[in-house]
Amino acid sequence: MEEVNKIILELKEKGYVLSIPRIAIIKYLVSNRTHHTAESIYKAISKEYPTISVATVYNTLKVLTNEGFVNQLFIEGERVFYDSTPCEHSHFICRICGKIKDIKDKPAKKASVDDNKIEKIYLYFYGICRECIEKKETKKQNKKI
Ligand SMILES: [Zn+2]
Ligand SMILES: [Zn+2]
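Nothing here was measured: the structure is a model prediction, and the numbers come from that model.

*Asks:* Would you mind showing me how to read the environment of N5 here?
*Replies:* Tracing the chain through its elements places N5 in helix α1 (residues 2-13). We classify N5 as exposed; it has 12 C-beta atoms within 10 Å. A sequence separation of 21 residues divides N5 from I26, and the C-alpha atoms of the two residues are 9.5 Å apart.

This is how it looks when you write it as structure tokens:
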């Protein structure tokens with residue numbers, strides 16, 4: 001787990017103390033590059049480390065977010081999600097099943113907008129996902145028969 005060691009080293013150099021549960025959280029996020037809630041991380045980690053507290057999960061996520069290893073996603077009417085895919089990308093959110101998908105399409109690269117310097121662009125697309133559209137269509141077909 002080269003990536004895990006890299007993160008641990010970088011955080012240690014910055015003066016963070018990394019307990020075993022904290023390292024377990026980092027390992028989990030690196031091996032599961034997807035969108036997590038603090039609760040889902042807690043559930044997964046507490047299986048192996050029953051003594052871990054929800055506060056430890058939140059603290060670790062705060063550190064990882066501040067240091068740029070994790071991105072927070074704020075989705076309309078939903079809880080905060082933590083995205084452990086490191087590269088900048090946009091998201092599609094299905095209003096039917098709630099699925100969050102990574103969108104590989106890069107948003108138009110602009111250096112500035114109205115004379116404000118742009119550093120990051122995060123786009124959220126809301127709609128109906130491919131799977132839900134297909135389900136709807138099968139239902140329609142069934143009705144015809
Ligand atoms: Zn869907
Ligand atoms: Zn993502």
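*Asks:* What is the right way to look at the domain arrangement of the chain in this model?
*Replies:* Here the domain parsing of the chain yields domain 1 (1-85) and domain 2 (87-145). Relative to domain 2, the C-alpha centre of domain 1 lies at a distance of 25 Å. Domain 1 puts five residues into the contact, and the matching count from domain 2 is seven residues. Taken together, the residues of the side of domain 1 that touches domain 2 sort by class into three nonpolar, two polar and no charged.

*Asks:* Would you explain the sheet that holds strand β2 (residues 71-74) in this entry?
*Replies:* One open sheet accounts for three strands, arranged β1-β3-β2; its pairing is antiparallel. Of all the strands in the sheet, just β1 (35-36) and β2 have a single pairing partner and so form its edges. Here four bridges tie β2 to strand β3 (residues 80-83), and the two strands are oriented antiparallel to one another. Along β3, the bridge assignment pairs L73 with F81.

*Asks:* It is not clear to me how α1 should be interpreted in this structure. Could you clarify?
*Replies:* It helps to recall that an α-helix has 3.6 residues per turn; residues three or four apart then point in one direction. Helix length check: α1, at twelve residues, gives a terminal C-alpha distance of 16 Å against a target of 16 Å (1.5 Å per residue), a fit within 8%. The positive-phi residue at the C-terminal boundary of α1 is G15, with phi of around 95°.

*Asks:* Help me out: how do you make sense of the packing of helix α3 (residues 38-48) against helix α4 (residues 54-66) in this one?
*Replies:* For any two helices packed against each other, one specifies the crossing angle of their axes together with the interaxial distance. Running from N to C, α3 and α4 point in directions that differ by 120°, and their axes come no closer than 10 Å. In terms of axis orientation, α3 runs oblique to α4. By crossing handedness, the relation of α3 to α4 is classed as right-handed. Mapping the contact onto sequence places A38, I41, Y42 and I45 in α3 and V54, V57, Y58 and L61 in α4.

Rules behind the numbers
- Residues numbered from 1 in each chain as written.
- Chains lettered and ligands numbered in written order.
- Predicted model: local features only at pLDDT ≥ 70, side-chain atom pairs only at ≥ 80, totals over all residues.
- Helix = DSSP H or I, 4+ residues; strand = E, 2+ residues; numbered from the N terminus.
- Buried ≥ 20, exposed ≤ 12 C-beta atoms within 10 Å, placed from the backbone.
- Domains from an automatic or database assignment.
- Contact = placed C-beta atoms within 7 Å.
- Nonpolar A, V, L, I, M, F, W, Y, C, P; charged D, E, K, R; others polar.
- Pairing = 2+ DSSP bridges.
- Expected span 1.5 Å × (residues − 1).
- Axes fitted to C-alpha atoms, helices over the stretch in contact; angles between N-to-C directions.
- Parallel < 35°, antiparallel > 145°, perpendicular 65-115°, else oblique.
- Left-handed = near helix turned anticlockwise from the far one by under 90°.

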